[in-house]
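Now for the letters of each chain:
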Amino acid sequence: MTVQVKDMVLEKVAIGPVSARVYQGAEFGKGSPIVLYFHGGAFQQSGLQDCPVAEAIASAGAIVVVADYNAPLGNVFPKPLEVGYSLFSYMANKRASGIGDRNSLLLVAGDEAGGNIAAGVAFKARDHYADALDGQILISPLLDPFMGSASIREADSIGMRQRWAEGWSHYLSAGGCHPYAAPCLCSRIAGVAPALVFTAGDDPLRDETLGYADRLKQAGVAVRQHVLPAGAGWPSIYGGTSDKSPEWQESISREFGDFVRDMRRQPIALKTN
């Protein structure tokens, strides 16, 4: 499906105007899912850039809003989460936002550091606005500030471990480590929205991604997960290069479409690939 892309400013968000890039499949229509997407960048990237993951989701018929969430208040916790939650609340009022309609599912999504923000928004939504969030999509989420997993110790091969360590240090520099900031450390995870989780066999964030998915399942959260084979080009979502990106983009589009169909058929079907 052809994907249309346009830049816009979300004027009426509670924390102030937020720039966004909107991806929508050319055949989107009434009731198309709305996906609020948070980009990666080790907690420090701002500005609007091309987002192949958002394009892949949009190609399955969604309206994907990639927000410049670090720009309005800065990129030290809790500011990005405050912006993320304000954006979510704005999107939840579909009539006021003008994005989607009352039949649209509303999901949050993100890759790498953006996956952290998406998971944090899902927690906060559960605690304050539970009925408004239908699902979360976590794509190699950066969840553990201690970075102690076996897979992340292998990250030096693509030069990411130092970048993530610096990112965590910056993000948590205001002091403390709230569960919203490090979702893998949260002791109360029951009741969050159903999750679609992606990683790959050679992903340095594989272990913490799958570990978090397991904890969600144990807490009774509906989880659909997909692990791409090693060599599928997955590290390219957070700065690497690959000539195999269509493989993971097609997987994201397909799995997202199935996830949405599962959500529309209550209760959601659990599946692990």
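Each remark here, short or long, concerns the structure printed above.
What you are looking at is a predicted structure, and each value in this text was computed from that prediction instead of being measured.

Visitor: Would you explain the overall build of the protein chain in this entry?
Guide: In terms of regular secondary structure, the protein chain is built from 8 helices and 9 strands. The buried share of the protein chain, reckoned over its 273 residues, is 55%. The contacts in the protein chain between residues at least 6 apart in sequence include a share of 77% that link residues at least 24 apart. For the protein chain, the accessible surface area stands at approximately 11,000 Å², while carbon and sulfur atoms represent 48% of it.

Visitor: What is the right way to look at the layout of surface pockets in this model?
Guide: With a probe scaled to a water molecule rolled over the atoms, the places where space remains empty come into view. Of the voids in this model, the largest pocket is the one considered here, and its volume is about 380 Å³. As for the largest pocket, its lining consists of 22 residues, and the residues nearest its centre are Q45, D50, P52, D111 and I237. When contributions to the lining of the largest pocket are tallied by element, the ones reaching two or more residues are α1 (52-58) and α8 (245-264). Residues belonging to the lining of the largest pocket are distributed by class as follows: 8 nonpolar, 10 polar and 4 charged.

Visitor: Is there a simple way to think about helix α2 (residues 79-92) in this case?
Guide: Since the α-helix turns once every 3.6 residues, residues separated by three or four places project in the same direction. Over its 14 residues, α2 runs 20 Å from end to end, which matches the ideal 20 Å to within 8%, given 1.5 Å per residue. Taken across its 14 residues, α2 has 11 buried, putting it largely inside the fold. Looking only at α2, the buried set comprises P80, L81, V83, G84, Y85, S86, L87, F88, Y90, M91 and A92.

Visitor: Is there a simple way to think about the pairing of strand β4 (residues 63-67) in this case?
Guide: Each regular strand carries side chains that alternate between the two faces of the sheet. Among the 5 residues of β4, 5 are classified as buried, and the element is accordingly described as predominantly covered. With burial as the criterion, each face of β4 is covered, one bearing I63, V65 and A67 and the other bearing V64 and V66. Inspection of the sheet shows strand β2 (residues 18-25) paired to β4 by 5 bridges, in the antiparallel sense. Pairing of R21 across the sheet is with V66, part of β4.

Visitor: Please clarify how the nonpolar core should be interpreted in this entry.
Guide: The nonpolar side chains of soluble globular proteins are, as a tendency, buried together. Among the nonpolar cores identified, the biggest contains 92 residues, and I57, V64, L87 and I137 are the most heavily contacted of them. Once residues within four sequence positions are removed from consideration, L87 is found in contact with L10, V13, V18, L36, F38, A67 and Y69.

Visitor: Is there a simple way to explain the side chain of E255 in this structure?
Guide: For E255, the position within the fold is in helix α8. Looking at E255, its side chain comes within polar contact range of the side chain of H226, at 3.4 Å.

Visitor: What am I meant to see in the pairing of strand β6 (residues 135-141) here?
Guide: Most of β6 sits out of view: 7 of its 7 residues are buried. In this sheet, β6 lies alongside strand β5 (residues 106-112) in parallel orientation, the contact comprising 6 bridges. Each residue of the ladder has a partner; that of G110, found in β6, is L138. Pairing of β6 with strand β7 (residues 195-200), which is carried by 4 bridges, proceeds in the parallel orientation. Paired with Q136 across the bridge in β7 is A195.

Visitor: Got a minute to help me understand the environment of V192 in this structure?
Guide: Note that V192 resides in the loop between α6 (161-171) and β7. Separated by 69 residues in sequence, V192 and F123 have C-alpha atoms that sit 6.1 Å apart.

Visitor: How should the side chain of S104 be read in this particular structure?
Guide: Secondary-structure assignment places S104 in the loop between α3 (94-97) and β5. Within the local environment of S104, its side chain forms a polar contact with the backbone oxygen of S32, the two atoms lying 2.8 Å apart.

Visitor: Help me understand the pattern of salt bridges in this model?
Guide: Any two side chains of opposite charge can pair, given that their charged atoms come close. Throughout the structure, instances matching the rule amount to 12 salt bridges. When the shortest N-O distance is used, the salt bridge between R21 and D50 registers 3.3 Å. Of this pair, R21 sits in strand β2 while D50 sits in the loop between β3 (34-38) and α1, and the two are 29 residues apart along the sequence. What makes R21 buried here is its relative accessible area of 13%. Take D50: its relative accessible area is 68%, and that puts it in the exposed class. A salt bridge links D258 to R224, with the shortest nitrogen-to-oxygen separation between them at 3.2 Å. Remark: R224 occurs in strand β8 (residues 223-228) and D258 occurs in helix α8; sequence separation between them is 34 residues. For the pair formed by D258 and R224, the shared burial category is buried.

Rules behind the numbers
- Residues numbered from 1 in each chain as written.
- Predicted model: local features only at pLDDT ≥ 70, side-chain atom pairs only at ≥ 80, totals over all residues.
- Heavy atoms only, no water.
- Helix = DSSP H or I, 4+ residues; strand = E, 2+ residues; numbered from the N terminus.
- Buried < 20%, exposed > 50% of the residue type's maximum accessible area, 1.4 Å probe, protein only.
- Contact = heavy atoms within 4.5 Å.
- Areas by Shrake-Rupley, 256 points an atom, 1.4 Å probe, with all protein chains shown as cover.
- 1 Å grid on protein atoms, 1.4 Å probe; cavity = no way out; pocket = protein on both sides within 12 Å on 5 of 7 lines; lining within 4 Å.
- Points joined across faces, edges and corners; volume = space filled by probe spheres on them.
- Nonpolar A, V, L, I, M, F, W, Y, C, P; charged D, E, K, R; others polar.
- Expected span 1.5 Å × (residues − 1).
- Pairing = 2+ DSSP bridges.
- Core = buried A, V, L, I, M, F, W, Y, C linked by side-chain atoms within 4.5 Å.
- Polar contact = N/O pair within 3.5 Å; in protein donor to acceptor, adjacent residues only side chain to side chain.
- Salt bridge = Lys/Arg side-chain N within 4 Å of Asp/Glu carboxyl O.

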